Amino acid sequence: MKLDDSLSLSPEGISEVQIFLGKEVYEFLEQKDYANQWNKLFEACKWATVFQGLEFFYMFHEVYKKQYQPLLLVLIEDEILKAFLPLSFETADGRITGAGVNDAHYHAWISLDDIGSSFFKRAVEELRRQFPLSSIRMEQLPAGIPLGWLGAVQDVAGVKFTSSTRPLVNLRDPSIDKLARKKDFKSNNNRLKRYGAFEVEFIKDAGRFDEALDVLMIQSDFRKGALYGMFPFQKNPYRSILFKEMFRKGLMFGIVLKLDGDILAGITGTIGKDGWCHGSGLNCHSPLYDYYSPGFLSFIHLIQHLENEGFDTLDLSTGMLDYKKRIANSYDEVYELFIPAAENLEDALSKKEGLKDKLKERLWSLLENKPHLNFEREELREKLKLYHKQRDYLNLVFFIQTGNPYMKVEKNISCMEIEKALNTDFEKNNLAELLTYKPKHESLTKREFLIDALSRFKNGDTCFTKSEKGKLIGCLWINSVGGMAEITTCTTDFINLVKNTLSSDSSKEIGEVIKIILPKHASKYLS
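Each value, and the rule that gives it
- Residues numbered from 1 in each chain as written.
- Predicted model: local features only at pLDDT ≥ 70, side-chain atom pairs only at ≥ 80, totals over all residues.
- Heavy atoms only, no water.
- Salt bridge = Lys/Arg side-chain N within 4 Å of Asp/Glu carboxyl O.
- Helix = DSSP H or I, 4+ residues; strand = E, 2+ residues; numbered from the N terminus.
- Buried < 20%, exposed > 50% of the residue type's maximum accessible area, 1.4 Å probe, protein only.
- Contact = heavy atoms within 4.5 Å.
- pLDDT = per-residue confidence, 0-100.
- 1 Å grid on protein atoms, 1.4 Å probe; cavity = no way out; pocket = protein on both sides within 12 Å on 5 of 7 lines; lining within 4 Å.
- Points joined across faces, edges and corners; volume = space filled by probe spheres on them.
- Nonpolar A, V, L, I, M, F, W, Y, C, P; charged D, E, K, R; others polar.
- Pairing = 2+ DSSP bridges.

1. What about the pattern of salt bridges?
- On inspection of all chains with the given rule, the structure shows 22 salt bridges.
- The shortest N-O distance in the salt bridge between Glu211 and Arg208 comes to 2.9 Å. Here the residue Glu211 and the residue Arg208 both occupy positions in helix α6 (residues 206-228), the gap between them amounting to 3 residues, near one helical turn.
- Residue Glu211 is classed as partly exposed on the basis of its relative accessible area of 48%.
- Exposure remark for Arg208: the relative accessible area of 24% places this residue in the partly exposed category.
- Counted as one network, the salt bridges with shared partners bring together Glu199, Glu201, Arg208, Glu211 and Lys258.

2. Some remarks on the side chain of Ser240
- Positionally, Ser240 belongs in helix α7 (residues 238-248).
- In contact with Ser240, other than residues within four places in its own chain, are Leu213, Met217 and Phe233.

3. A look at the confidence of the model for the protein
- Taken over all residues, the pLDDT of the protein has a mean of 81, while the share at 70 or more is 73%.
- Taken together, the stretch residues 348-353 has pLDDT below 50 and engages in 2 contacts with residues farther than four places along the chain or on a different chain.
- The low-confidence segment residues 505-513 (pLDDT under 50) makes 17 contacts with residues lying over four places distant or belonging to another chain.

4. Brief notes about the layout of surface pockets
- Space inside the largest pocket adds up to approximately 1,600 Å³.
- Of the residues assigned to the lining of the largest pocket, the class counts are 18 nonpolar, 17 polar and 12 charged.

5. Describing the pairing of strand β13 (residues 330-339)
- When strand β6 (residues 136-141) meets β13, the two strands line up antiparallel, connected through 4 bridges. Counterpart to Arg137 in the pairing with β13 is Phe338.
- Bridge count for strand β7 (residues 160-170) against β13 is 9 bridges, and the pairing is antiparallel. When the sheet's bridge partners are listed, Thr162 is paired in β13 with Glu336.

Structure follows, in structure tokens:
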């Protein structure tokens, strides 16, 4: 990779950039006064964020020490730290990312203005020389970071550099007072107060933060699992450990909305430098209260709190979602950089497509052109694999023809008070149990199952579940308005439990007929 000679260096010139990996990083920082110099340079750097602070750097690599090693590039002249680039090296595959990976909202190098671009170019060149098989990703480069290095990487094949709009809330702008006067904010606040004991809690105690986080993680994974097929906490248990440690070190805040003592929504975020707050590390709410827009309410209460506490800016992070557009009163640009590995790029680009691949592509095109199969390719691939794994070819054909996951049958059950009967032996509206769903005999992927659940909650349905050994064995939905119940996933034990529960209740007094819908393969158990 060539340097951009058109960019002048600093008056002193750029000397050799040094690289430290793993234990070497800690040993370097224990020498002389380098840890203190890190902190001073960090405070002086105009574009630095809290995620380049030494405290966060130590904290992240301690929590994730099995997955990532600290990687540090430094420029030292006359024993003075002039610039540094904090990174994380993924032990399993050698990928290099800005320090903190996905748990850091921003990645950056730290220096004074005059050598910012020159240092980063030298650092990238040295990384590609010493780690030729490693890709380099810097996500969310903050506004104001020098971009003079960009010309040096433009000609490298595979390099991607993109910009994104970042919505902000300027807490010193008088216009933010109008947010609390919005009609929907006032009306939903009042509705919740009439519904029960409604309160807003700004968490100050570590024990309370831990308790709240355990609830918010479930709400977050449920919603993101349904909408995006992502499970940030279920797939990564280290994230919650990091969040709790950040709160204890004064780097994270938490706010929750509660109704009759139960958490219905909440936000966590990072307390930045220079009067900034970065949100949100977590922004979620219970689907049972979607009607009241609890996520929007949380942000308005948070803005009021941060204004009163003297903060200057709330960072809403990239992604122009509707609620951000309603709240933001300022915008700027942040950037993302990806540099491919130096020695395996040509192999990746020279991959040839054979006859088998062409036939597969033709098949995918046929499937994707069916309007009722509204899936991304990876989702559709996962779906087809599920049918094949279960040898459920009858429902596979049914799915391709109709877009519905499985054939259903209806059964009529006599029961006076079906919800009352189920309340005894089943969990009611338990999001944590729904997240333990794993398809075995069912034709629903986990994401489909959660999307279905999210839709039913919005319709006001009630969910009854049962789990054994940490796995969901059955889920039954009640729509009291329509007088109908539907089982969306089940085992034989669950069907028999439903049957016995309803039978024992209906034997006391013959009541109205409830229609139960369930997968065809399970209908024989509920007769």
